[in-house]
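A structural walkthrough
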Amino acid sequence: MLSVNEARARLLENFHPLDPETLAIDQAAGRVLAVDITATQDLPPFANSSMDGYAVRCRDVATASREHPAALKVSGDIPAGSGQPLPLVDGTAARIMTGAPVPDGAEAVVPVEDTDDPRDQAHTAPMPEFIRIFQSAPLGANVRPVGQDVRAGQIVLRAGMVLQPAAIGVLAALGSARVEVYRRPLIAIFSTGDELREVGESLGPGQIRDTNSYAVAAAIERYGGRVLRLGIARDRVDQVQAKLQAAGEAGADLILSSAGVSVGAYDVVKAAVGAEGKLDFWRVRMRPGKPLAFGNVRGIPFVGLPGNPVSALVCFEVFVRPALLKMGGRRRWEKPALPVTLLEPMHSDGRESYLRVIIERRGEGYVARSTGDQGSAVLTSLVQANGLLIIPENVTEAPAGSVLSAWALEAWD
Ligand code: AMP
Ligand code: MG
């Protein structure tokens, strides 16, 4: 039997970042950047004012105060968007707006609030001939220098990063209308089981509805994958083989099945994968979800998730989520684990265990309590959970008050 870490490391060796595709930047938010982005220009491209006010030389306002203002002739008007203005004439000020280019010779901008400019009538009043300035201004005050944000030649965005809104903004500012991102993985999924009915069908005796393919599809989309639904295969080798073939023909990047991978008399998934490709069957020292079928079907990785819905989703978090992130170009795929204090004792059989818990803030830290019945078919206890508490291998009793690591499934508050 493999440990969770051994199994995950072996599984991840079989996944590689997919090819990039080029997208318009308004389609690229949340996607993973596939190349480093080097700035082709300085940002801002020209020195500009960070305030509405008056561009001046420092020495002309050096002694200015409310009692003894500096009176300067206004020699120019520089709105945002104007071309490079004429150099500032000695002993004068130029009215300037936020974002407008600062004229050569100007050393600072005095905010309009520190002048006698009647700014409440700014739209209608003509530009004053003279301006009284109530404040001195140090060199560079309220001037954003060329390249304050970005220098030409600098790497501004790194391959592997998720394009957050600010990164999309940087691309726009640099004039990059299109960007190379990793392709989203296409995941073919199917369920197996003679007892399964489609979600819209009524149930006969002994039947249940296919829960897993919907839950797993939602998990795939959450982590950036695209879903190809292949429906339900009965517990027959030929039906499972047909699904595997369909997944191959559709060009899936990963095939996921659920159920039929244990030791039951009708567990046919392993035989089908063996017939269509190569099967590696692992028993993993974890709970829930001990049996994990792994293999490939003509080069496409295959993961056979357990049938119990909780086991399927927990195994998804542990094994499939990192595989999706790695295929999607992410450089890091570990889920962050944070310390939580147990409000009640918790037990395990010594396998690495993932318990459904409700985590809340308490003082500076977090506390956890169980959502109740931890049976691997009790899906509603996973609905209630906002975290998975990890009991490490070989620990069977974790008393109240002990501190263990937990994964967030939802925000903790
Ligand atoms: P198996 O691995 O085939 O023995 O299935 C284990 C358990 O999971 C059984 O109780 C199945 O009925 C149940 N199960 C299998 N597939 C699904 C599914 N798609 N949705 C909900 N439950 C399932
Ligand atoms: Mg079954």
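Preceding this paragraph is the structure being described.
What you see is a predicted model; the values in this text were computed from it and never measured.

**Structural notes on the overall build of the protein chain**
- Along the protein chain, the regular secondary structure elements total 7 helices and 27 strands.
- Here the protein chain has a C-alpha radius of gyration of 32 Å; the compact-globule value for 413 residues is 22 Å, and the former is much larger.
- In terms of its C-alpha atoms, the protein chain occupies a principal-axis envelope of roughly 95 × 50 × 40 Å.
- Residues counted as buried form 46% of the 413 residues belonging to the protein chain.
- Sequence-distant contacts in the protein chain: of pairs separated by 6 or more residues, those separated by 24 or more amount to 72%.
- Working note: accessible area of the protein chain is about 19,400 Å², and carbon and sulfur atoms make up 52% of it.
- Each charge class in the protein chain can be summarised by its mean position, and for the 42 positive and 47 negative side chains these summaries are 5 Å apart.

**Things to note about helix 2 (residues 165–173)**
- Listed as buried for helix 2 are Ala167, Ile168 and Leu171. The arc that holds the buried residues of helix 2, viewed along the axis, is 105°, so those residues lie on one side. In helix 2, the exposed residues that point more than 90 degrees away from the buried face are Pro165 and Ala166.
- In this structure, the buried residues of helix 2 make contact with strand 2 (37–38), strand 10 (155–157) and strand 11 (178–182).
- At the exit of helix 2 stands Gly175, carrying a positive phi of roughly 80°.

**Quick word on the sheet that holds strand 16 (residues 254–258)**
- Overall, mixed pairing links the 6 strands, which are arranged 15-12-16-20-19-17 in an open sheet. Of all strands in the sheet, those bounded by a partner on one side alone are strand 15 (226–233) and strand 17 (278–283). Each strand axis lies, on average, 20° off the axis of its neighbour in the sheet, ignoring direction.
- Direction of pairing for strand 12 (residues 186–192) relative to strand 16: parallel, over a ladder of 5 bridges. Within strand 16, the residue paired with Ile187 across the bridge is Leu254.
- Running over the sheet, helix 1 (residues 4–12) touches strand 17, strand 19 (291–297) and strand 20 (300–305) and is turned about 160° from strand 17.

**Topic: the pairing of strand 4 (residues 53–56)**
- As judged from the 3 bridges shared by strand 4 and strand 6 (residues 92–96), these two strands associate in the antiparallel manner. Counted as the bridge partner of Tyr54 is Arg95 from strand 6.

**A few points about the layout of surface pockets**
- Estimated volume of the largest pocket: approximately 310 Å³.
- Along the walls of the largest pocket sit 16 residues, with Arg222, Leu313, Glu317, Leu382 and Leu409 positioned nearest its centre.
- Considering only residue class, the lining of the largest pocket consists of 13 nonpolar, no polar and 3 charged.
- By volume, the second largest pocket is sized at about 260 Å³.
- Lining the second largest pocket are 18 residues, and of these Glu195, Leu196, Ile208, Ala259 and Gly307 lie nearest its centre.
- Its residues placed into classes, the lining of the second largest pocket shows 5 nonpolar, 8 polar and 5 charged.

**What about empty space enclosed by the protein?**
- Applying the stated criterion across every chain, the model contains 1 cavity of 30 Å³ or more.
- For the largest cavity, the calculated volume is near 40 Å³.
- For the largest cavity, the full set of lining residues is Ile189, Phe190, Ser191, Asn212, Ser213, Val216, Leu256, Ser257, Ser258 and Leu305.
- If you list the elements that add at least two residues to the lining of the largest cavity, you get strand 12, helix 3 (212–222) and strand 16.
- Residues belonging to the lining of the largest cavity are distributed by class as follows: 5 nonpolar, 5 polar and no charged.

**So, the pattern of salt bridges**
- Counted under the stated rule, the structure contains 17 salt bridges.
- Glu21 is paired through a salt bridge with Arg31; the nearest N and O atoms lie 2.5 Å apart. Placement of the pair is Glu21 in strand 1 (residues 20–24) and Arg31 in the loop between strand 1 and strand 2, with a sequence separation of 10 residues.
- Exposure remark for Glu21: the relative accessible area of 28% places this residue in the partly exposed category.
- Taking the relative accessible area as the measure of exposure, Arg31 reaches 14% and is therefore buried.
- A salt bridge links Glu334 to Arg332; the shortest N-O distance between them is 3.0 Å.
- Within the structure, one salt-bridge network assembled from shared partners comprises Arg57, Arg59 and Asp90.

What counts, and at which threshold
Residues numbered from 1 in each chain as written. Chains lettered and ligands numbered in written order. Predicted model: local features only at pLDDT ≥ 70, side-chain atom pairs only at ≥ 80, totals over all residues. Heavy atoms only, no water. Helix = DSSP H or I, 4+ residues; strand = E, 2+ residues; numbered from the N terminus. Rg over C-alpha atoms; globule rule 2.2 N^0.38 Å. Buried < 20%, exposed > 50% of the residue type's maximum accessible area, 1.4 Å probe, protein only. Contact = heavy atoms within 4.5 Å. Areas by Shrake-Rupley, 256 points an atom, 1.4 Å probe, with all protein chains shown as cover. Lys, Arg positive; Asp, Glu negative; His and termini not counted. Charge placed at Lys NZ, Arg CZ, Asp CG, Glu CD. Arc of directions from axis to C-beta. Pairing = 2+ DSSP bridges. Axes fitted to C-alpha atoms, helices over the stretch in contact; angles between N-to-C directions. 1 Å grid on protein atoms, 1.4 Å probe; cavity = no way out; pocket = protein on both sides within 12 Å on 5 of 7 lines; lining within 4 Å. Points joined across faces, edges and corners; volume = space filled by probe spheres on them. Nonpolar A, V, L, I, M, F, W, Y, C, P; charged D, E, K, R; others polar. Salt bridge = Lys/Arg side-chain N within 4 Å of Asp/Glu carboxyl O.

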